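Here is what each chain is made of, one letter per residue.
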Amino acid sequence: MIGLFSYLVFFLIIASVFAIVCLGLNLQWGYTGLFNIGVAGFFAVGAYSYAILAGPHHAARLGSFGVPFLPALALSMVAAGLAALLVGFPTLRLRDDYLAIATIGIASSIQLVATNERWLTGGTQGARNIVQPLAGAFSSPLRYNLFFLAMMVAFVAVVYLALERMVNSPWGRVLMAIREDETAASSLGKNAFAYRLQSFVIGSMIIGLGGALYASFITFISPEDFLPVLTFQVWAMLIVGGSGNNRGAIIGAVLIWGLWTGSGSLAQMVLPADLQVKGGAIQIVLIGLVLMVVLIFRPRGLFGSRKALIGHGATVPE
Amino acid sequence: MLAQLLANGIILGATLALGAIGLTLTYNVLNFANFAHGSLLSWGAYLAFAFALAFAGSTATGFGPLSFGWPLLFALILSATLTSVLAIVVDFLVFRPLRRSNVQVALVIASFGASLMLRNLIIVIWGPEPKYYTSDIQIQQAILPGVRATPDQMFVVVLALVLVVVLHLFLTRTRLGKAMRAIADNPVLAEVSGVNVRNVIYWTWVVGGSLAAAGGVFYGLTVQILPEMGFNLLLPLFAAAILGGIGSIYGAVLGGFVIGIASDLSVAVISPGYKPAVAFIIMILVLLLRPSGILGEKK
Amino acid sequence: MIGATLQVSNLVAGYTPGVPIVRGLSLTVAAGEIVTVLGPNGAGKSTLVKAIAGLVSVFEGSVFLDGADFAGHKAHTLVSAGVAFVPQNENVFRRMSVQENLEIGGYLYRGRIKERLEAIYDLFPDLARLRHHPAGKLSGGQRQMVAVGRALMIAPRLLILDEPSAGLSPKLVGMVFQRVRAVRDTGVTILMVEQNAKAALLISDRGYVLAEGQERICDAADALLHNPEVGELYLGAKGGLV
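### With respect to the overall build of chain C
Regarding its fold elements, chain C presents 10 helices and 10 strands. A compact globule built from 242 residues would reach a C-alpha radius of gyration of about 18 Å, and chain C, at 17 Å, matches this within 12%. By principal-axis analysis of the C-alpha atoms, chain C measures approximately 45 × 35 × 30 Å. Here chain C, with 242 residues, has 48% of them falling under the buried criterion.

### Structural notes on the overall build of chain A
Helix and strand counts for chain A stand at 12 helices and zero strands. Across chain A, contacts joining residues at least 24 apart in sequence account for 78% of those joining residues at least 6 apart.

### Quick word on the arrangement of the chains
Taken together, the two pairs of chains in contact show their highest number of contacts between chains A and B. Separated without contact, chain A and chain C have their nearest C-alpha atoms at a distance of 9 Å.

### Notes on the interface of chain A and chain B
Taken residue by residue, the interface counts 42 residues in chain A and 44 residues in chain B. Mapped by element, the contributors of at least two residues to the side of chain A that touches chain B are helix 4 (96-116), helix 10 (228-241) and helix 12 (276-297) of chain A. Ranked by the residues each element gives to the side of chain A that touches chain B, the list is headed by helix 4 of chain A, at 13 residues. By residue class, the composition of the side of chain A that touches chain B is 28 nonpolar, 10 polar and four charged.

### What to know about the sheet that holds strand 8 (residues 189-193) of chain C
All names here are of chain C. The strand order across the open sheet formed by six strands is 6-7-8-3-9-10, and the pairing between neighbours is mixed. Of all the strands in the sheet, just strand 6 (83-86) and strand 10 (214-220) have a single pairing partner and so form its edges. On average, each strand axis in the sheet is tilted by 15 degrees relative to the strand beside it, whichever way the strands run. Pairing geometry for strand 3 (residues 34-38) and strand 8, over four bridges, is parallel.

### Section: the pairing of strand 10 of chain C
Residues and elements named next belong to chain C. The sheet contact formed by strand 9 (residues 206-211) and strand 10 spans six bridges and is antiparallel. Looking at strand 10, one finds that Leu210 is bridged to Glu215. Here strand 9 folds back onto strand 10 in antiparallel fashion, the turn holding two residues, of which Glu212 has a positive phi close to 50 degrees.

### Re the nonpolar core
Nonpolar side chains in soluble globular proteins tend to end up buried together. Ranked by internal contacts, the top residues of the largest apolar core, which has 290 residues, are Cys22(A), Ala17(B), Ala239(B), Met283(B) and Ile160(C). Sort the elements by how many residues they give to this core and helix 1 (residues 2-30) of chain B lands first, with 15 residues. Non-local contacts of Ala239(B), meaning those with residues more than four positions away in its chain, are made with Ile259(B), Ala279(B), Phe280(B), Ile282(B) and Met283(B).

### Examining the interface of chain C and chain B
At the interface, 23 residues of chain C touch 17 residues of chain B. Elements represented by at least two residues in the side of chain C that touches chain B include exactly helix 2 (75-80) and helix 3 (98-105) of chain C. When grouped by side-chain class, the residues that make up the side of chain C that touches chain B number 12 nonpolar, five polar and six charged.

### Considering unusual backbone geometry
Residues and elements named next belong to chain C. For Glu90, which is not glycine, the phi dihedral falls at a positive 50 degrees. Mapped onto the secondary structure, Glu90 falls in the loop between strand 6 and helix 3. For Glu90, a count of 12 C-beta atoms within 10 Å corresponds to the exposed category. Backbone geometry at Glu212 places phi at a positive 50 degrees, although glycine is not the residue there. Exposure remark for Glu212: the 13 C-beta atoms within 10 Å place this residue in the partly exposed category.

### Quick notes on the packing of helix 2 (residues 37-55) of chain B against helix 3 (residues 70-101) of chain B
All names here are of chain B. One can describe the packing of helix 2 onto helix 3 by two numbers: an axis separation of 8 Å at closest approach and a directional angle of 140 degrees. Judged by the inter-axis angle, helix 2 sits oblique to helix 3. As helix 2 runs across helix 3, the sense of the crossing is right-handed. Where helix 2 approaches helix 3, its residues Leu40, Trp43, Gly44, Leu47, Ala48, Phe51, Ala52 and Phe55 are matched on the opposing element by Pro71, Leu72, Phe74, Ala75, Leu76, Leu78, Ser79, Ala80, Leu82, Thr83, Leu86 and Ala87. Split into classes, the residues belonging to the contact of helix 2 with helix 3 amount to 17 nonpolar, three polar and no charged.

### Comments concerning the packing of helix 10 of chain A against helix 11 (residues 246-270) of chain A
All names here are of chain A. Between helix 10 and helix 11, the least distance of the axes is 7 Å, while the angle of their chain directions is 120 degrees. When the axes of helix 10 and helix 11 are compared, the pair comes out oblique. Read as a crossing pair, helix 10 and helix 11 show a hand that is right-handed. Note on element contacts: helix 11 touches helix 10 through Gly248, Ala249, Ile251, Gly252, Ala253, Leu255, Ile256 and Trp260, opposite Gln233, Ala236, Met237, Leu238, Val240 and Gly241. By residue class, the composition of the contact of helix 10 with helix 11 is 10 nonpolar, four polar and no charged.

### Overview of the confidence of the model for chain A
All names here are of chain A. Confidence along chain A averages 84 in pLDDT terms, with 90% of residues attaining 70 or more. The least confident element of chain A is helix 8 (residues 182-187), whose mean pLDDT is 68; the most confident is helix 9 (residues 192-218), at 93. Low pLDDT, under 50, characterises residues 311-318; the predicted model gives this stretch 20 contacts beyond four residues in sequence or across chains.

### A short note on the environment of Gly88(A)
All names here are of chain A. Mapped onto the elements of the fold, Gly88 is located in helix 3 (residues 69-91). A tally of 27 C-beta atoms within 10 Å means that Gly88 is categorised as buried. Sequence-wise, Gly88 and Thr103 are 15 residues apart; in three dimensions their C-alpha atoms are separated by 9.0 Å.

### Things to note about the environment of Arg175(B)
With respect to the element layout, Arg175(B) can be found in helix 6 (residues 175-185). Classification of Arg175(B) as partly exposed rests on a count of 16 C-beta atoms within 10 Å.

### Things to note about the confidence of the model for chain C
Here chain C averages 89 in pLDDT, while 95% of its residues score no lower than 70. Our summary of model confidence lists the complex with pTM equal to 0.85 and ipTM equal to 0.90.

### Remarks on helix 10 (residues 249-266) of chain B
A rise of 1.5 Å per residue sets the reference length of helix 10 of chain B, with its 18 residues, at 26 Å; its end C-alpha atoms lie 26 Å apart and thus fit the reference within 8%. The element helix 10 of chain B is extensively covered by neighbouring structure, given that 16 of its 18 residues are classed as buried.

### Section: the sheet that holds strand 2 (residues 22-29) of chain C
Residues and elements named next belong to chain C. The strand order 2-1-4-5 describes an open sheet built from four strands, whose pairing is antiparallel. For this open sheet the edge positions go to strand 2 and strand 5 (68-69), each flanked by a neighbour on one side alone. As defined by bridge partners, strand 4 (residues 57-65) adjoins strand 5 across two bridges and the pair is classed as antiparallel. For Phe64, the partnering residue across the bridge sits in strand 5 and is Asp69. On top of the sheet, helix 1 (residues 45-53) reaches strand 1 (6-14), strand 2 and strand 4; it is set at about 110 degrees to strand 1, its chief contact.

Calculation rules
Residues numbered from 1 in each chain as written. Chains lettered and ligands numbered in written order. Predicted model: local features only at pLDDT ≥ 70, side-chain atom pairs only at ≥ 80, totals over all residues. Helix = DSSP H or I, 4+ residues; strand = E, 2+ residues; numbered from the N terminus. Rg over C-alpha atoms; globule rule 2.2 N^0.38 Å. Buried ≥ 20, exposed ≤ 12 C-beta atoms within 10 Å, placed from the backbone. Contact = placed C-beta atoms within 7 Å. Nonpolar A, V, L, I, M, F, W, Y, C, P; charged D, E, K, R; others polar. Pairing = 2+ DSSP bridges. Axes fitted to C-alpha atoms, helices over the stretch in contact; angles between N-to-C directions. Core = buried A, V, L, I, M, F, W, Y, C linked by C-beta atoms within 7 Å. Parallel < 35°, antiparallel > 145°, perpendicular 65-115°, else oblique. Left-handed = near helix turned anticlockwise from the far one by under 90°. pLDDT = per-residue confidence, 0-100. Expected span 1.5 Å × (residues − 1).

Structural data, given as structure tokens:
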């Protein structure tokens, strides 16, 4: 029973990480209409920044600077935000599908840097022994995880409340107006580009926060943690949960992560060892099917708003 | 040394050119960025691999210095056919329902999701290890001062160029080819001229899918066959199509070779680990400076 | 070649379901007539002809071509029924040559198009000279000839033109309308949408004035030219267009 319970705690911790990332993407996509398919990249920036700032000293790579937990989180967010600023500046003026391609390229480039620059990230060997906050303070791993879970829930709540405030503020309303009809919004004198850049940066900072928290919990990260599959999972969560709705983002994260781990455990139990890799592949196919079905039959997901989806799409003669 | 890099780039360019043609066609005609296009290259390569294995029992010998004989060529033709069917099936099951609902994000995410699914289906069927069409080792021969290439590599480049010429003739001399160009140019006007756009779209997938299959086989022949090969080539393919100008088939060919050459030449100055990033940087520069590409029309 | 009769009956059409732009419109064009549709911007003129041509959704009503209802049919089936449509903008294949433009116009002929090509070149001799030029590189007037020529390739029974004179100089406008009349003289029925009311009415038999998706005035072209209301609507001139 303890095993199941501790598994559940672990599950919820990771689900909370995803919930935070999903909230960040929701700001970018759900409220601003930005096609960020480079989520994994900003997640990686947050994670590696935390590893460099807070992790233990390593001969072979940069860091650590021994920065305490909360400041390290904040600085990781800043790093992700800077990356978003750098990247968003040239690309946010592009039309939607070009932005999507560009963000894929960005995530890919960040992954390349993570793989190649051993002095920065530990290369393919990854960054190990990252410091967990309050590591020694609890008598058992389970108690520690419970503490971490409580902390994660607090973080999710804070991010959720902050985002709700933001999107219901005048700033948020302008953002949604731009999403609906950029020309109309521009004619009102609102600099659409500035708003989109702000949303992109803030959203990426939140994604980076998720990455940093992930690194601080899991204590070992490598480029393999930041593959396009991650981006795909987060998008699936947001689409299923409901774009344009922060509650939907959180619920979608828990649901899809549940589906993912559930199918993973099932595969582990059912498949023999030599088919495990294939089991992982089946998981992706499965989540993909869920996503397709949702997209075709209920594109706004469970809680999403129709408005978040009405796109700048042109019709094709059929 | 530079000449060798240039030659390597041309070999890669052969694959990129063929893949980019299909990408630019569907991008222009169907007005969406098909992230699943890379999967057509992967599936083309794997299907050809499966067919080649099936024919392996035959006693056909290789064509002279080439590592393969009729079995692979037949396998390629069969693979091209099946890959076209796959493209049409994916379009029918996934993209067409989403086009009807006119939700633009759905197409982008769905094609991204489809690409991951198709790639993982490959893993489920064939496993994650690299595969090769032949276990023979080919010797590189000097064909020009400072340039060495294997017979397979030379064949790939030659055949790619032949396919491009065939495509050109198809597009300029046949009724269907002209209809495809018309739809790429102005779909509404084509419709109003009596062209059955839906049928021609199927043929667009056939052309794009077949060329992608060929590109995949060429890559598998000159490098290796991996489940993620299509996905890894996706960025260079988009870069090639955008550089050449979306909608321009000749632009895609040009773009493919330029990106291939640039990627391989870059090894002279930066670490080979960053080769994929070169295509990406070129693409960003094009999008910022001249979004219509080299041969595209300014819209 | 006998032109078709067109009868539009209570047509409701638009781009988005629930948002009709044409709201219950009726009009007729007899065989071999030239009828012009006028009206202010937003009246639904363009939407009307696009709906007839099969490019815009028909929500209610009928479009009878020689008695057969084609409302809501796809554009390419209307082409095989003998309906040719020349859009206002983007009405040539810019990257294809003049000859290729015409060939696409004759797509349904499946290769027996040499005669039609010669007929179009007779009608527009300039195009014969320019036959290998990309259509996008031609002047406005020449492009318009290509656009109309493409539509005529199927020897249509009904020719629909959406603002054929748009963006052309007065001299070219005259030439375009002269050619339109020449086409009608071969027996083709013609339905035209126009902003250049005076020039269009001068070659038309009848005209309709649209407002807010419905026909407001229907009369002989001559009468419309002298109609003060029409004159005011278009030129702020009292006492008619002439």
